[in-house]
Amino acid sequence: MVSLKDISNACGVSIATVSKALNDHNDIGADTKQHIKQVAKDMGYLPNSAAKALKTHRTYNIGVLFVDDDQSGLTHDYFAYVLDSLKRTIEAKGYDLTFINGCKTRPNKMSYLEHCRYRGFDGVVIACIDFSHPEVLELVQSNVPTVTIDHIFNSVSAIMSDNVKGIHDLLHYIYDKGHRRIAYIHGSESSVAKSRLTSFYKTLAELGIDVPDEYVIEAPYRDTKAAYRETMRLLDLKNRPTCILYPDDFACFGGINAIKERGLRIPEDISVAGYDGIRVARHIEPQLTTLKQDTQALGQKAAEKLISLIEHPKTTIIEQVVVEGTVFPGRSVADLT
């Protein structure tokens, strides 16, 4: 491994001068600085990360806590794109990204907070997890800079999809197509599910539509079997809905299977709409009507907020940043007007 002493011998300057050149100090000449940097590059010099951490009090490593209930991991379409944007933004700022072990096999059964301190993370992004878990609460209440995605704690910054406006806009699109009997298979209990469900009732009330209790059903996110089962129940109703809204695009595929199994056509006999805007939903027939979330902005803003908290802790405001989505019309909602 090439050391500062090796470079100083090759350049005929002191170790202190080499250090100043590699750290871009202004008290040495530009030509000398450039020469030292070139020699260091030619010799294959890389700064020691441990030494850099001691000097800067940073490891330039950010942890991501991501543990969803069904263990889908990075195959979770929506979060995969959010995390890809997060990763690209963080790496562009000179930081590395490390996933925090969410399994029960964590070394020495460390808590999330202990694991973060063990790894020396400069900060943490928390997404897609049981936010009420004691270990998550411990981490959020610690002094580790933290940003959450799609969940609000008063003590840390949160990057949020605008779920209220998303459901509002999607329902207005469906309403403008002439639908008045709209059912909603919504996600299991979470802050996101609550916001969307409240917006569902509020928006339809503003539009003058009464929602029968049997039109609103709970099913887990990304659960095609549950969506299939609950769709069958809706299809059995005497006055069945003309359009069914699903908790997410992936779950919607289960509903589509149920509808086709009944020999019904989409959207001619019944309409469907999803949520998230995952890519595969654009390649089915008919193309799915959905609310496309801005995953690129969600990941980017989470990264930028966390790095600001790390680098400028005294001037960075703890806040909730809301990111809007857009209705993707698709072809799965019939025009009844």
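Residues numbered from 1 in each chain as written. Predicted model: local features only at pLDDT ≥ 70, side-chain atom pairs only at ≥ 80, totals over all residues. Heavy atoms only, no water.

A. Region of interest: the overall build of the protein. Tallying secondary structure elements over the protein gives 12 helices and 12 strands in all. Compactness check: the protein gives a C-alpha radius of gyration of 26 Å against a globular reference of 20 Å for 337 residues, more than 25% above the reference. Expressed as a percentage of the 337 residues in the protein, the buried residues total 48%. Taking all contacts inside the protein whose residues are at least 6 apart in sequence as the whole, residues at least 24 apart take part in 69%. When the accessible area of the protein is evaluated, it comes to approximately 17100 Å², of which 50% is carbon and sulfur surface. Distance between charge centres in the protein, computed from 39 positive and 43 negative side chains, equals 3 Å. (Helix = DSSP H or I, 4+ residues; strand = E, 2+ residues; numbered from the N terminus. Rg over C-alpha atoms; globule rule 2.2 N^0.38 Å. Buried < 20%, exposed > 50% of the residue type's maximum accessible area, 1.4 Å probe, protein only. Contact = heavy atoms within 4.5 Å. Areas by Shrake-Rupley, 256 points an atom, 1.4 Å probe, with all protein chains shown as cover. Lys, Arg positive; Asp, Glu negative; His and termini not counted. Charge placed at Lys NZ, Arg CZ, Asp CG, Glu CD.)

B. Broad picture of the sheet that holds strand β7 (residues 216–218). Spatial ordering of the open sheet is given by β7-β6-β8-β9, a layout of 4 strands whose pairing is parallel. Strands at the two margins of the open sheet, each flanked by one partner only, are β7 and β9 (271–273). Strand-to-strand, the axes of this sheet are offset by a mean angle of 20°, without reference to chain direction. Two strands pair when backbone bridges link them, and strand β6 (residues 182–186) and strand β8 (residues 243–245) are joined in this way by 3 bridges, in the parallel orientation. Pairing of A183 across the sheet is with I244, part of β8. (Pairing = 2+ DSSP bridges. Axes fitted to C-alpha atoms, helices over the stretch in contact; angles between N-to-C directions.)

C. A look at the sheet that holds strand β4 (residues 146–149). Across the sheet, 6 strands lie side by side as β2-β1-β3-β4-β5-β11; this open sheet has parallel pairing. Each edge of the sheet is formed by a strand with only one pairing partner; in this case those strands are β2 (96–99) and β11 (320–323). Between one strand axis and the next, the sheet turns through 20° on average, direction left out of account.

D. A look at unusual backbone geometry. In this structure, P267 follows I266 across a cis peptide bond, with omega equal to 5°. Relative to the helices and strands, P267 resides in the loop between α11 (249–261) and β9. Of note, the phi angle at D150 is positive, near 65°, even though the residue is not glycine. Exposure remark for D150: the relative accessible area of 8% places this residue in the buried category.

E. Summary view of helix α10 (residues 224–235). With 12 residues, α10 should cover 16 Å at 1.5 Å per step; its first-to-last C-alpha distance of 16 Å lies within 8% of that length. Among the residues of α10, A226, A227, E230, T231, M232, L234 and L235 are the ones counted as buried. On its buried face, α10 is in contact with β6, β7, β8 and α11. (Expected span 1.5 Å × (residues − 1).)

F. Looking closely at the side chain of H186. Tracing the backbone through its elements, the reader meets H186 in strand β6. Not counting chain neighbours up to four residues away, the residues in contact with H186 comprise L197, V216, I217, E218, A219 and P247.

G. Structural context of the nonpolar core. I174, F200, L204, Y246, I259 and V272 are the most contacted members of the largest nonpolar core, which totals 43 residues. When near neighbours in sequence (up to four residues on either side) are disregarded, I259 contacts T231, L235, Y246, L264, I266, I270 and V272. Residues V64, I159, A303 and I307 belong to the second largest nonpolar core, which totals 27 residues. (Core = buried A, V, L, I, M, F, W, Y, C linked by side-chain atoms within 4.5 Å.)

H. Molecular detail of the pattern of salt bridges. Tallied over the full model, the rule gives 16 salt bridges. Between D24 and K37 there is a salt bridge, and its shortest N-O distance comes to 2.5 Å. Linking D24 in the loop between α2 (15–22) and α3 (30–42) with K37 in helix α3, this pair joins segments that are 13 residues apart in sequence. With relative accessibility at 44%, the residue D24 sits in the partly exposed group. Given a relative accessible area of 30%, K37 falls into the partly exposed group. (Salt bridge = Lys/Arg side-chain N within 4 Å of Asp/Glu carboxyl O.)

I. Fine view of the packing of helix α1 (residues 4–11) against α3. Orientation of α1 relative to α3, taken along the N-to-C sense of each, is 120°, at an axis distance of 10 Å. As far as their axial angle goes, α3 and α1 are oblique. As α1 runs across α3, the sense of the crossing is right-handed. Contact residues: α1 offers I7, A10 and C11, while α3 offers H35, I36, V39 and A40. Per-class residue counts for the contact of α1 with α3 are 6 nonpolar, 1 polar and no charged. (Parallel < 35°, antiparallel > 145°, perpendicular 65-115°, else oblique. Left-handed = near helix turned anticlockwise from the far one by under 90°. Nonpolar A, V, L, I, M, F, W, Y, C, P; charged D, E, K, R; others polar.)

J. View of the packing of aromatic side chains. Enumeration over the complete set of coordinates arrives at 7 aromatic pairs. Ring geometry for F250 versus F253: centroids 6.1 Å apart, planes at 65°, classification edge-to-face. Here F253 and F250 lie together in helix α11, a separation of 3 residues that amounts to about one turn. Relative accessible area serves as the criterion here: at 29%, F250 is assigned to the partly exposed category. Stacked on the ring of Y275, the Lys or Arg R196 has its end atom at 3.8 Å from the ring centre. The lysine or arginine in question, R222, covers the ring of F250, its NZ or CZ lying 4.4 Å from the ring centre. (Phe/Tyr/Trp six-rings, centres within 6.5 Å; stacked < 30°, edge-to-face > 60°. Lys NZ or Arg CZ within 6 Å of the ring centre and 35° of its normal.)

Don't take any of this as a statement about function, it's just geometry.
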